Amino acid sequence: MIHVLAFYLFAGLMLLAGLLTITARNPVHAVLWLIVAFFNAAGLMVLLGAEFVAMLLVIVYVGAVAVLFLFVVMMLDIDFATLRAGFIRNFPLGVLIALVLLGELVIGIGAERAGAIRLGLPDVAGQAPEGMSNIAAIGALLYSRYLFLFEAAGLILLVAMIGAIVLTHRQRGGVRGQNISKQVARRPEEATVNLRPEVGAGVKL
Amino acid sequence: MSWALSLRLMAAEDVLSISGLVLLMFAAWGGDRATRAINWVAVLTLLGAAALVAPTMAGGAADMSAFYGQYSGDAFSAFAKILIYLGAAAALVMTPSFLERMGAARAEYPLLVLFAALGMGLMVSATNLLTLYIGLEMNSLAAYVLASFARSDERSAEAGLKYFVLGALASGILLFGMSLVYGFTGSLDFGAIRTALDGAHGGAATVDGVLSQGALFGIVFMLAGLAFKISAVPFHMWTPDVYEGAPTPVTTLFATAPKVAALGLTMRVALFAFGTQVHAWQQVMIFLSLASIVVGALGAIGQDNIKRLMAYSSINNVGFMLIGLAVATPAGASAMLVYLAIYVVMSLGGFAAVLMLRDQDGAAVESIAALGGLSRSRPGLAGALAMIMFSLAGIPPLFGFWGKFVVFQAAVQAGMLPLATIGIAASVIGAFYYLKVVKVMYFDEATGVVANGNELSHGVILTVSAVVLSPLGYLATGWLGNLAATAAASLFHS
């Protein structure tokens, strides 16, 4: 019972948040509604027993993607009014694309149910160990059987990081950087001077 | 399967990755002053890695697979890796002076090349869809950055962006194909995919001996994604722009090592993983090869930039190599490997010559018209470049002819006469633009633009490749043929 209630709660809130994402006038609000939708999707995944996917949704989508969106929306000077100007004109096209996607889903799942699509059976070699939560099972495979690929993927991230730094980092002129050793090495006698200016002559520094 | 054994099998990759990480530290603390030193250590690392895989070329142990069959260090991968590492090392040797003149020398350059070479090694060793993709992305990500390395140069930035956007699209297509193949065969492992696709023995992805529609889609999408990476027509659009825009040493790299890696990967995927369904992809390969030969030959005619010309030449050459793949026999595969080895030497020599073309101020000369009268002002350079051009055109007695000869021979032996005929006809068209360069150098008015660019490292690479491409190269045909045959044979056992 509580399961069903939770499902309708998450699903309903998710639909609502999705609707508000595309109708909100303020783009920042739209991104916030998107985050609400992601959270509810994560809730649905927990109900399905896929807690790893739920965690990924929260960490990747909420933690990284949504915050990135928020940065883009707040930092770039985009005129959202002009972006939205064609909304009504393009509405039929959008509906058409949505219908095509829905039709493909229905046909695909229908064909699979009817036995027209025969998917391959997963091989036993990479099967998850029995009786583990799925987080533990993924970990057990990732750090043993697929360790080599996991490490190689780490190197890809390193390459991406080096690349990003190479392409964006540069020495700029006219920047007052902090030089800590120079600050520490400063002596009071170099930093301050005593002057006795004459009246009306002013000080030359 | 012990970890120690697996790590020993991939010794070259271990050396490359550890050396890359250590050099990264030197780059971080040494800064750009250390660029030259890091560059030379990277060259030595690549040569060392090549030496490590060399013994495997002759065959090696029966089971060379490591990490639960995700990686294979067989004779085929060793052959391809030797070409990759030597190509990358030669490209690195020619890099520092060029980038220093552009003011774009950075310590990260050799590191990116090292990691790219690591990714390329994984590509040719991949016996699992995941290894395939990880190797491919490691190579591509480094390549995108390398293409836009001279970021103050507008053309270089454009090349990087173009390469990145189209490369990401191709990766998407490849991944889509991979997901279909995985879905219909139920495995990521090449051997298991091969079994599942085997119609004669009731494979999982076949119905009454006929390949299922979904798996066929997967195969075609995967090959389309790979065709982009080898720049076969109709997925070649990016090649001329990227080759022209990227700094010339980077173009040298692109024309050699990644080409070997992508072609090697395509060979292993087509001949081994999809080797039980040759009919499903043979037509695709025939189309790709003929279209590449024709478009590569016709597209090059109107070019006036020598880097663009080399780009079309690489498209054209990929077409000839794909003939060997379309034949789908061990002889075809071995012919393709022989061609690949010769092509790498031709590209290295050609780009070494292009790098030596500099005007009074030391700026690079890329226009073909500026080569006028080169035979009088720089007879040695003109002679070497002319030899490379004749070799690319496949004119005997130069060694480039041998590559085309073995490929066409394999096609004729397999009874694919039309394929060979069209290929030979198109190679005559291709000869036109190679000869045009020779004509400009030897018979046109002297422009006197090229006045600079004597550099020992470039000269050495140019001389070595000229010697290999000269009729002396024929002394190596038996040796090269044997190695290629051993390498190709390891793709056909199952």
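None of these values were measured; they are calculated from a predicted model. (Residues numbered from 1 in each chain as written. Chains lettered and ligands numbered in written order. Predicted model: local features only at pLDDT ≥ 70, side-chain atom pairs only at ≥ 80, totals over all residues.)

A. Broad picture of the overall build of chain A. A count of helical and extended segments in chain A gives nine helices and zero strands. Ordering the α and β elements of chain A from the N terminus gives α-α-α-α-α-α-α-α-α. Over its C-alpha atoms chain A spans a radius of gyration of 29 Å, topping by over 25% the 17 Å that the globule rule assigns to 205 residues. On the principal axes, the C-alpha backbone points of chain A span a range of 100 × 55 × 40 Å. Taking all contacts inside chain A whose residues are at least 6 apart in sequence as the whole, residues at least 24 apart take part in 45%. (Helix = DSSP H or I, 4+ residues; strand = E, 2+ residues; numbered from the N terminus. Rg over C-alpha atoms; globule rule 2.2 N^0.38 Å. Contact = placed C-beta atoms within 7 Å.)

B. Summary view of the interface of chain B and chain A. Each partner contributes to the interface: chain B provides 33 residues, whereas chain A provides 20 residues. Of all the secondary structure elements, the ones that give two or more residues to the side of chain B that touches chain A are helix H6 (108-125), helix H7 (129-147), helix H8 (154-185) and helix H9 (190-197) of chain B. With eight residues, H7(B) is the single largest residue contributor to the side of chain B that touches chain A. Of the residues assigned to the side of chain B that touches chain A, the class counts are 19 nonpolar, ten polar and four charged. (Nonpolar A, V, L, I, M, F, W, Y, C, P; charged D, E, K, R; others polar.)

C. Inspection of the nonpolar core at higher detail. Phe79(B), Ala88(B), Leu112(B), Ala117(B), Met138(B), Tyr339(B) and Leu340(B) are the most contacted members of the largest nonpolar core, which totals 212 residues. Counting residues per element, this core draws most heavily on helix H15 (residues 330-355) of chain B, at 19 residues. Residues contacting Leu340(B), with those up to four places away along its chain left out, are Leu83(B), Val260(B), Leu263(B) and Met321(B). Core analysis: the next-biggest nonpolar cluster, separate from the first, contains eight residues, Leu34(A), Ile35(A), Ala37(A) and Ala41(A) among them. (Core = buried A, V, L, I, M, F, W, Y, C linked by C-beta atoms within 7 Å. Buried ≥ 20, exposed ≤ 12 C-beta atoms within 10 Å, placed from the backbone.)

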